[in-house]
Amino acid sequence: MDTKNFIADRLNRDELVALIEYHNRRYWEEGDPEIPDVRYDELLRALQRIDPGNELLSRVYTPQVAGSGKVRHKTPMLSLDKAYSLKEVLEWAEKFARGGDEEFLVEPKYDGISANFDGRILSTRGDGEFGENVTDKLPLIELESIGYTGPVDRPVRGELVIREDDFRTLYSHIRRKGGGFYKNSRNAVAGIMGLKEIGEMVVQGAKITLVDYNLVSYRVRLRELSARWEELRAELGALPYPQDGIVVKLADSAYSASLGNTAHHPRGEIAFKFTNIRKETKLIGVEWSFGKNCLTPVAELEPVEISGTTIRRATLHNVQNILELGVEIGDTVIVERAGDVIPCIVSSIPGSARRSPLIENCPSCGAKLVRRGPELCCPNPECPETELQRLAAAVRSLGIERLGEPTLRKLMEKSGVRHLCDIFELKVMDILKLEGFAAKSAANLIEEIGKARVVNDYQMLAALNIPNVGVNVAKVIFEHTDFAGLRRMSADELAAIPGIGPERAGALVAELAAQSDYLDELLGAVTLIHSGDVATGKPTVCFTGKMPEKRSYYQKLAAAGGYQPVDDVTANLSVLVAADVNESSGKLRNARKHGIRIVALDEFLKELGGDTPEPESGDGQLTLF
Ligand SMILES: [Zn+2]
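So, here is what we can say about the structure in this document. (Residues numbered from 1 in each chain as written. Predicted model: local features only at pLDDT ≥ 70, side-chain atom pairs only at ≥ 80, totals over all residues. Heavy atoms only, no water.)

1. Concerning the overall build of the protein
Helix and strand counts for the protein come out as 25 helices and 26 strands. Each of the 625 residues in the protein was classed as buried or not, and the buried ones make up 49%. Look at the contacts in the protein between residues 6 or more apart in sequence, and 66% of them connect residues 24 or more apart. (Helix = DSSP H or I, 4+ residues; strand = E, 2+ residues; numbered from the N terminus. Buried < 20%, exposed > 50% of the residue type's maximum accessible area, 1.4 Å probe, protein only. Contact = heavy atoms within 4.5 Å.)

2. Some thoughts on the sheet that holds strand S23 (residues 540-544)
Judged by pairing direction, the sheet is parallel, and its 4 strands sit side by side in the order S24-S23-S25-S26 without closing on themselves. The open sheet has two edge strands, strand S24 (564-565) and strand S26 (597-600), and neither has a second partner. Alignment of strand S25 (residues 575-578) against S26, held across 4 bridges, turns out to be parallel. Residue pairing in the sheet places Val577 in a bridge with Val599 of S26. Across the face of the sheet, helix H23 (residues 551-560) comes into contact with S23 and S24 while running at roughly 160° to S23. (Pairing = 2+ DSSP bridges. Axes fitted to C-alpha atoms, helices over the stretch in contact; angles between N-to-C directions.)

3. Some details on the sheet that holds strand S8 (residues 148-151)
Here we have 6 strands laid out as an open sheet, ordered S5-S4-S9-S10-S7-S8, and mixed in their pairing. In this open sheet, the two edge strands, each paired with only one partner strand, are strand S5 (122-124) and S8. On average, adjacent strands in this sheet sit at an angle of 30° to one another, irrespective of strand direction. Sheet analysis places strand S7 (residues 141-145) next to S8, joined by 4 bridges and oriented antiparallel. Of the residues in S8, the one forming a bridge with Ser145 is Tyr148.

4. Topic: the pattern of salt bridges
Tallied over the entire structure, the rule returns 32 salt bridges. The salt bridge partner of Arg163 is Glu144, with a shortest N-O separation of 2.9 Å. One end of the pair, Arg163, is in the loop between strand S9 (156-161) and helix H6 (164-169); the other, Glu144, is in strand S7, with 19 residues separating them in the sequence. The residues Arg163 and Glu144 share a single accessibility class, namely buried. (Salt bridge = Lys/Arg side-chain N within 4 Å of Asp/Glu carboxyl O.)

5. Points about the environment of Arg154
Considering the arrangement of structural elements, one finds Arg154 in the loop between S8 and S9. For Arg154 and Leu143, which are 11 residues apart along the polypeptide, the C-alpha to C-alpha distance reads 9.1 Å. Filtering out sequence-adjacent residues up to four positions away, Arg154 remains in contact with Phe117, Leu143 and Tyr148.

6. Observations concerning H23
Within an α-helix, residues lying three or four positions from one another point in the same direction, as the helix has 3.6 residues per turn. Burial runs high along H23: 7 of the 10 residues are buried. Those residues of H23 that fall on the buried side of the exposure criterion are Tyr553, Tyr554, Gln555, Lys556, Leu557, Ala558 and Ala559. Of the surrounding elements, those touching the buried residues of H23 are helix H16 (439-451), strand S21 (454-456), strand S22 (527-529), S23, S24 and helix H25 (601-608). Taken from the residues just after H23, Gly562 is the one with a positive phi, measuring 95°.

7. Quick notes on the coordination of the zinc ion
In this structure, Cys362 (SG), Cys365 (SG), Cys378 (SG) and Cys383 (SG) serve as the protein donors to the zinc ion, at separations of 2.2 to 2.4 Å. All donors of the zinc ion belong to a single chain; written as a sequence motif, their spacing is C-x2-C-x12-C-x4-C. Within this pair, whereas Cys365 is found in the loop between strand S18 (344-349) and strand S19 (370-372), its partner Cys378 is found in the loop between strand S20 (375-377) and helix H12 (384-397), the two being separated by 13 residues in sequence. By relative accessible area, Cys378 is classed as buried at 8%. (Donors = N, O, S within 2.8 Å, 3.2 Å for Na, K, Ca; no water.)

8. Notes on the nonpolar core
Within the largest apolar cluster, 77 residues are counted, with the highest numbers of intra-cluster contacts made by Tyr171, Leu420 and Leu461. In terms of residue count, H12 provides more of this core than any other element does, 5 residues in total. Not counting chain neighbours up to four residues away, the residues in contact with Tyr171 comprise Ile162, Asp166, Phe181, Tyr182, Ala188, Ile192, Ala206, Lys207 and Ile208. Counting 29 residues, the second-largest nonpolar core is a separate cluster that includes Trp92, Phe104, Tyr110 and Trp229. (Core = buried A, V, L, I, M, F, W, Y, C linked by side-chain atoms within 4.5 Å.)

9. Quick look at the packing of H12 against helix H13 (residues 405-414)
Where H12 contacts H13, the axes come no closer than 10 Å and their chain directions differ by 125°. By the angle class used here, H12 and H13 are oblique. For the pair H12 and H13, the sense of crossing is right-handed. Contacts between H12 and H13 pair Glu385, Glu387, Leu388, Gln389, Leu391, Ala392 and Val395 from the former with Glu405, Leu408, Arg409 and Met412 from the latter. (Parallel < 35°, antiparallel > 145°, perpendicular 65-115°, else oblique. Left-handed = near helix turned anticlockwise from the far one by under 90°.)

10. As for the side chain of His530
Position of His530 relative to the elements: it lies in the loop between S22 and S23. Here His530 falls in the buried class, since its relative accessible area comes to 15%. Of note is the side chain of His530, whose polar atom sits 2.7 Å from the side chain of Asp457. (Polar contact = N/O pair within 3.5 Å; in protein donor to acceptor, adjacent residues only side chain to side chain.)

11. Structural notes on the packing of aromatic side chains
Taken as a whole and judged by the stated rule, the model has 12 aromatic pairs. Measuring from centroid to centroid gives 6.1 Å for Phe543 and Tyr554, while their planes differ by 35°, and the two rings are tilted. Placement of the pair is Phe543 in strand S23 and Tyr554 in helix H23, with a sequence separation of 11 residues. Taken as a pair, Phe543 and Tyr554 share a single burial class, namely buried. (Phe/Tyr/Trp six-rings, centres within 6.5 Å; stacked < 30°, edge-to-face > 60°.)

12. Some points on the pairing of strand S13 (residues 269-273)
Side-chain positions along a regular strand alternate between the two faces of the sheet. Within S13, 4 of the 5 residues are buried, which leaves it mostly tucked inside the rest of the structure. Across 3 bridges, the pairing between strand S2 (residues 81-83) and S13 is parallel. Paired with Ala83 across the two strands is Phe272, which belongs to S13. Pairing between strand S12 (residues 243-250) and S13: 5 bridges, direction antiparallel. Considered in S13, the bridge of Val248 is made with Ile270.

13. Quick notes on a nonpolar patch on the surface
A grouping of Val428, Met429 and Leu432 is seen on the molecular surface, where their side chains present a nonpolar patch of about 240 Å² in accessible area. Relative to the elements of secondary structure, Val428 occurs in helix H15 (residues 428-432). (Patch = residues over 30% accessible without salt bridge, like charges linked within 9 Å, V, L, I, M, F, W, Y side chains within 5 Å. Areas by Shrake-Rupley, 256 points an atom, 1.4 Å probe, with all protein chains shown as cover.)

This is the structure:
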């Protein structure tokens, strides 16, 4: 162990208070934290030891938001007691469990701003008793609740966050007040909630998500908690919300309430906190790797061990970040690894012999590189590496998993494949020509390509690789129109769709026009499933539960059978198909509430008509496709 509590333990009360207040300002007001959360928590623990009643302890993680007055919460919103290891979690759980069968709920600890909507007023947690009224921010906020995504229209307690996918797509072009981009989703949500005036953010299409605390919850018995811990961590880690830990609480809410609260925390809940760990090492090189639209700098490091893993590479994000960090090859750098995300470089100290990591020409085609926003890009539309990356991204968007980058590279070199249309033309013989393929694997690949001919409209739009138009933006668009409608829309009409904005609308219209002939050909080769809620006259179907095949497989069957597959349970859903009709998933509960027809998967497949095609059979005749 390192000298973990060394500094915190040497400080007296006033010094601790001053230090915590300083870090609170760095974190919330300046959006520029100086120490990792785990260090910050050590300061709090030290203060707790010498002065348990200090008011700072109940004010922790309280962001400065610009609201319009204080709101008193009907029931206080307390912060949670914290644990830093599974051992601590288990000790706590064993203390309160009434036996090995005691049930606990395991939920994400979202890393954002805790908030409450009472049906009329949206308020932050504040000090737990009084929150700030932030109702004026509602136009930016989308609620994700069980079986519902949309405007905040019902009482809910949850966390204001920016989804990681939104951060990558939307926030790559949303400028903060005074210019520049947000460094991470936490800074962005704090920054935007801190604005007095959100007009500019509305115009730019900024979006904040309010995640209902009940949305994601796993029920686990005490006796299974330890064995399932890693699996649960991985499941939660795969969610698109920023998280800084895991909440574990007693499932029996009446029992939990009967335990009461300490001065600051409910006894029946605990937060397991992730520990971000930083280490110092040396930057020995920078490799520029190709993406579909630009080049991404990857740091090559002198190997360094962080929480049990040897780190050799870290992301430098983009050229702008390199310039802001002022980092050069030969410098000493601080690398951070937080949870399962890719390690990144957070700061640097100039070395004695250093050289610039920047490049001027494309490593593939030699064209002079250009800056586009924070990125460095190859402007040559024929650049082989850029073309490969764009095609690989398109293939990923369509979900053709067997067709990886190495195979695509060979297809481009040997079979003259350049675009998605060419992929749909491929025959088993073309694949057999490639090294590493046998009859069976070639047939499987062709079959998988064949299945991708029935595809969601948003996947197809995302596959066009238009900058800032990913799957989520595409889904928003298709809530308002279908593909043919989209191609007829003017930039003004598109810009009027919430979340799109004029800049993206302009780029989209121009790209769709530029790719028009190609699009005609492409759309001729596929069958699109319309994803939005626009009335198609077709009955809608939603799937829930763990099924033998991928969800998309059943959605395609349903689409071919005249249904419109949808992702969420709404009041006008026609049928909910469940792997297990007796389960109690949110979708099932919601469907029961709305009196929606629920059928078992087998039954639904029978209704669709006769034989179900074998999804993975090597030479099965998929007559549907
Ligand atoms: Zn190039």
